[in-house]
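Survey of secondary and tertiary structure
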Amino acid sequence: MSIILDSKIPSGPLAQKWSSHKSNIKVVNPANKRKYDVIVVGTGLAGASASASLAELGYNVKTFCVQDSPRRAHSIAAQGGINAAKNYMNDGDSVYRLFYDTIKGGDYRSREANVHRLAECSAGIIDQCVAQGVPFAREYSGELANRSFGGTQVSRTFYARGQTGQQLLIGAYQAMMRQVELGRVKLHARTEMLDLVLVNGKARGIITRDLTTGEITRHAAHTVILATGGYGRIFYLSTNAWNSNCTAIWQAHKRGAAFSNPCFTQIHPTCIPVSGDHQSKLTLMSESLRNDGRVWTPKRKEDIKKDPSTIKEEDRDYYLERKYPSFGNLVPRDIASRAAKEACDAGLGVGTGRAVYLDFRDAIKRDGEKTVADKYGNLFDMYSKIVDENPYQSPMKIYPAVHYTMGGLWVDYNLMSNIPGLHVLGEANFSDHGANRLGASALMQGLCDGYFVIPYTIGDYLASQSFEKVDTNHPEFKASEEFVNAKIGALLKNNSKATKTTTEYFRELGLTIWDHVGMSRNETGLKQAITKIQNLRNEFWENLKIGSTSSEVNKNLELASKVADFLELGELMARDALMRKESCGGHFREESQSPDGEALRDDANYSFVSAWEFKGVDKEPVLHKEPLIYENIKIATRSYK
């Protein structure tokens, strides 16, 4: 399959593109919707909302999740909130301002039309969720409350204390389970997609493995939706859930789907620092804490081991407020993360040396402990239980950690990949965040894609196609199942001389990616990473000690399958970072920075979306480019000073 990148952006004024597009696309009449089968892989916010919406319209939906319940999807972990341009605070917010903040926050590396649509749909998302009963925080007057997040100068973030993702997921889950009860959604839990099936170039089904019985099953449909989240677990230590993986989108990539901007990964500045080698996951402390918490380090190295309460005000460096006076502690995540690393690299890190303080002393003095507890109590409780320190009395210790991936499968304006019939939603696609995602925008994108975009655009695809009758007996399904069984067989081979476990390989890969494709990258390190990952991958297939060879419940096999895909994706991430000889957003090339250490873009040479074509595991991928054209904003050096 030759990759053709046609973004299908509608013509006309930016503010009218989406409404005009909806008015002109083809539709499927209600009776005919019952004739179409749709596969949805993933049950987070994007997947659950898509499943509920499409089933409500009348499509036959098959939904798959790796968890034992859709309510365990990683969306549940989102804490701080969801953005929407409703201007409840009367502080000057608008659809255009949300659009512009998102483009600027992504360092001018996202597609203009998609981002504007996201901003347009944002207000409707809140109305939808309120109607579902999501318990957003409210002011005394009864109006929904808002707070501010990084990269903005208005308050547009709606929240449910520190449990926003959980509450939004419950809403989408309830809507989906209603359709399950009605028989319009067939839910497959504890089931993992292992391959995408193409028939005559169109996505027509998937191959799955039942994680309880080990059974390999074929599933056919007229179209496939992937909503499986991001690939941040490739770093091993991240804020992502243990089950988060890249398998669905990576196997789709190997079947011909272009993979875009894989090096655009986000490091969150507000996480509990690493405490030892025993950890397999890191804990996020919500960005909302930076509304009232002040980030600082001691000015002198001799003070880093002191009790912070004994360090005088004049001996504290509130470095974000000093360097970025206009935004202060609410600068975007990539900037705050690099600033924390810079402080620790200079020897001013506290605790283990890889942490800075997030201090609520002034907020408690100003507003009272009860007010702070009402806003952040559950987050403070979580920190206290993990660290065994009282954040009301002593500053939190935080340090950046991997949190989100802006890269993903390439999609057009209709959220369809370059493979006809393969749609990709939420964090699994690349479309909305450019080189850096602003806080509280992930939930917005997931629900926008599932509730407000795919119900329109999937109908346009189905109504535009003529479908041959395809069932799971088709030769392509047989070939795909044989491919899956061969991979499982290779992983389960009984190698008595093998010495390293999957976890050991996973840790080594994660450390390599973190060291060379993490918060900062350089040419030498990226080339070293590519070589090391290639060697590690070859060793993995020769020296993997998997233990149990059972085809039933086998957590080692599950993990090994994921790590095998990560070992391939990791090389592509490093190649993408090596190709992009500029700094933008979360991609910081040390060779491309301003005199004061800020990211230095190269718009003349790199204002494009990278879209990589898979050519083989041991072959170099082919780069395709989608030019980024901005007609409604002026590209400028991103500044938060």
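Owing to the predicted nature of the structure, the values given are computational and were not obtained by experimental measurement.

A few points about the overall build of the protein
Helix and strand counts for the protein come out as 17 helices and 19 strands. For 641 residues, the compact-globule estimate of 2.2 N^0.38 gives 26 Å, and the C-alpha radius of gyration of the protein, at 24 Å, lies within 12% of that figure. Projected onto its principal axes, the C-alpha coordinates of the protein cover approximately 75 × 65 × 50 Å. Taking all 641 residues of the protein together, the buried fraction comes to 61%. When contacts within the protein are restricted to residue pairs at least 6 apart in sequence, those whose partners lie at least 24 apart make up 75%.

Side note on the packing of aromatic side chains
For the structure on display, the rule yields 28 aromatic pairs. With 5.9 Å between their ring centres and 80 degrees between their planes, tryptophan 18 and tyrosine 456 make a pair best called edge-to-face. One end of the pair, tryptophan 18, is in helix H1 (residues 17–24); the other, tyrosine 456, is in helix H12 (residues 442–464), and 438 residues separate them in sequence. The exposure class of tryptophan 18 is buried, given its relative accessible area of 3%. Through a chain of ring-to-ring contacts, three or more aromatic side chains come together here, namely Tyr231, Trp250, Phe259 and Phe614. Across from the ring centre of tyrosine 640, 4.5 Å away, lies the NZ or CZ of lysine 104, which sits over that ring. The cationic tip of lysine 202 hangs over the ring face of phenylalanine 467; the distance from NZ or CZ to the ring centre is 5.2 Å.

As for the packing of helix H7 (residues 247–254) against helix H16 (residues 555–579)
Between H7 and H16, whose axes approach to 10 Å, the crossing angle comes to 60 degrees. By the angle class used here, H7 and H16 are oblique. Where H7 crosses over H16, the two elements pack in a sense that is left-handed. Contacts between H7 and H16 involve Thr247, Trp250, Gln251, His253 and Lys254 from the first element and Ser561, Lys562, Asp565, Glu568, Leu569 and Leu572 from the second. Split into classes, the residues belonging to the contact of H7 with H16 amount to 3 nonpolar, 4 polar and 4 charged.

Describing the side chain of arginine 147
Its place among the elements puts arginine 147 in the loop between helix H5 (112–132) and strand S4 (157–158). Of the buried charged residues, arginine 147 lacks a salt bridge, with aspartate 292 as the closest side chain of opposite charge at 7.4 Å. Within the structure, the side chain of arginine 147 is placed 2.9 Å from the backbone oxygen of glycine 80, a separation counted as a polar contact.

Regarding the domain arrangement of the protein
In terms of domain boundaries, the protein breaks down into domain 1 (18–212 + 221–266 + 404–463), domain 2 (268–400) and domain 3 (475–627). The C-alpha centroid of domain 3 is placed 24 Å from the C-alpha centroid of domain 1. Counting the surface lost from both domain 1 and domain 3, the interface buries some 4,400 Å², and carbon and sulfur atoms represent 61% of this. Considering only the surface of domain 1 that becomes buried against domain 3, Arg109, Ile234 and Tyr236 emerge as the three largest contributors, covering 17% of it. Taken together, the links from domain 1 to domain 3 amount to 7 salt bridges.

Structural notes on the nonpolar core
One recurring pattern in soluble globular proteins is that nonpolar side chains are buried together. The biggest cluster of nonpolar side chains holds 174 residues, and the ones touching the most others in it are Ile82, Leu196, Leu226 and Leu422. With 14 residues, the single largest contributor to this core is H16. Dropping the residues within four chain positions of it, leucine 226 is found in contact with Val41, Met193, Ala248, Ile249, Ala252, Leu409, Leu422, His423, Val424, Leu425 and Ala428. Within the second largest apolar cluster, 6 residues are counted, among which are Trp296, Ile311, Val350 and Ala355.

Remarks on unusual backbone geometry
Notably, asparagine 87 is not glycine yet its phi reads approximately 55 degrees, a positive angle. Within the element layout of this structure, asparagine 87 appears in the loop between strand S3 (82–83) and helix H4 (95–105). Relative accessible area serves as the criterion here: at 25%, asparagine 87 is assigned to the partly exposed category. With a phi angle near 50 degrees, arginine 161 is a residue other than glycine that sits in the positive phi range. Mapped onto the elements, arginine 161 comes out in the loop between S4 and helix H6 (164–181).

Considering the sheet that holds strand S10 (residues 259–260)
Spatial strand order, S16-S10-S18-S19: 4 strands in an open sheet with antiparallel pairing. The sheet is open, and its two borders are formed by strand S16 (408–409) and strand S19 (622–627), each paired with just one other strand. As judged from the 6 bridges shared by strand S18 (residues 608–613) and S19, these two strands associate in the antiparallel manner. By the bridge assignment, alanine 611 is partnered in S19 with histidine 624. Its contacts with the sheet put H16 on S10, S18 and S19, and the angle it makes with S18 is roughly 140 degrees.

Quick look at the packing of helix H13 (residues 475–492) against H16
Between two packed helices, what matters for the description is the angle formed by their axes and the separation of those axes. Direction vectors running N to C along H13 and H16 enclose 110 degrees, while the axes themselves pass 10 Å from each other. Relative to H16, H13 is oriented roughly perpendicular. Contacts between H13 and H16 involve Lys487, Ile488, Leu491 and Leu492 on the former and, on the latter, Leu557, Ala560, Ser561, Ala564 and Asp565. When its residues are assigned to classes, the contact of H13 with H16 shows 6 nonpolar, 1 polar and 2 charged.

Here is what the cut-offs are and how they apply
Residues numbered from 1 in each chain as written. Predicted model: local features only at pLDDT ≥ 70, side-chain atom pairs only at ≥ 80, totals over all residues. Heavy atoms only, no water. Helix = DSSP H or I, 4+ residues; strand = E, 2+ residues; numbered from the N terminus. Rg over C-alpha atoms; globule rule 2.2 N^0.38 Å. Buried < 20%, exposed > 50% of the residue type's maximum accessible area, 1.4 Å probe, protein only. Contact = heavy atoms within 4.5 Å. Phe/Tyr/Trp six-rings, centres within 6.5 Å; stacked < 30°, edge-to-face > 60°. Lys NZ or Arg CZ within 6 Å of the ring centre and 35° of its normal. Axes fitted to C-alpha atoms, helices over the stretch in contact; angles between N-to-C directions. Parallel < 35°, antiparallel > 145°, perpendicular 65-115°, else oblique. Left-handed = near helix turned anticlockwise from the far one by under 90°. Nonpolar A, V, L, I, M, F, W, Y, C, P; charged D, E, K, R; others polar. Lys, Arg positive; Asp, Glu negative; His and termini not counted. Salt bridge = Lys/Arg side-chain N within 4 Å of Asp/Glu carboxyl O. Polar contact = N/O pair within 3.5 Å; in protein donor to acceptor, adjacent residues only side chain to side chain. Domains from an automatic or database assignment. Buried area = accessible area lost by both parts, 1.4 Å probe. Core = buried A, V, L, I, M, F, W, Y, C linked by side-chain atoms within 4.5 Å. Pairing = 2+ DSSP bridges.

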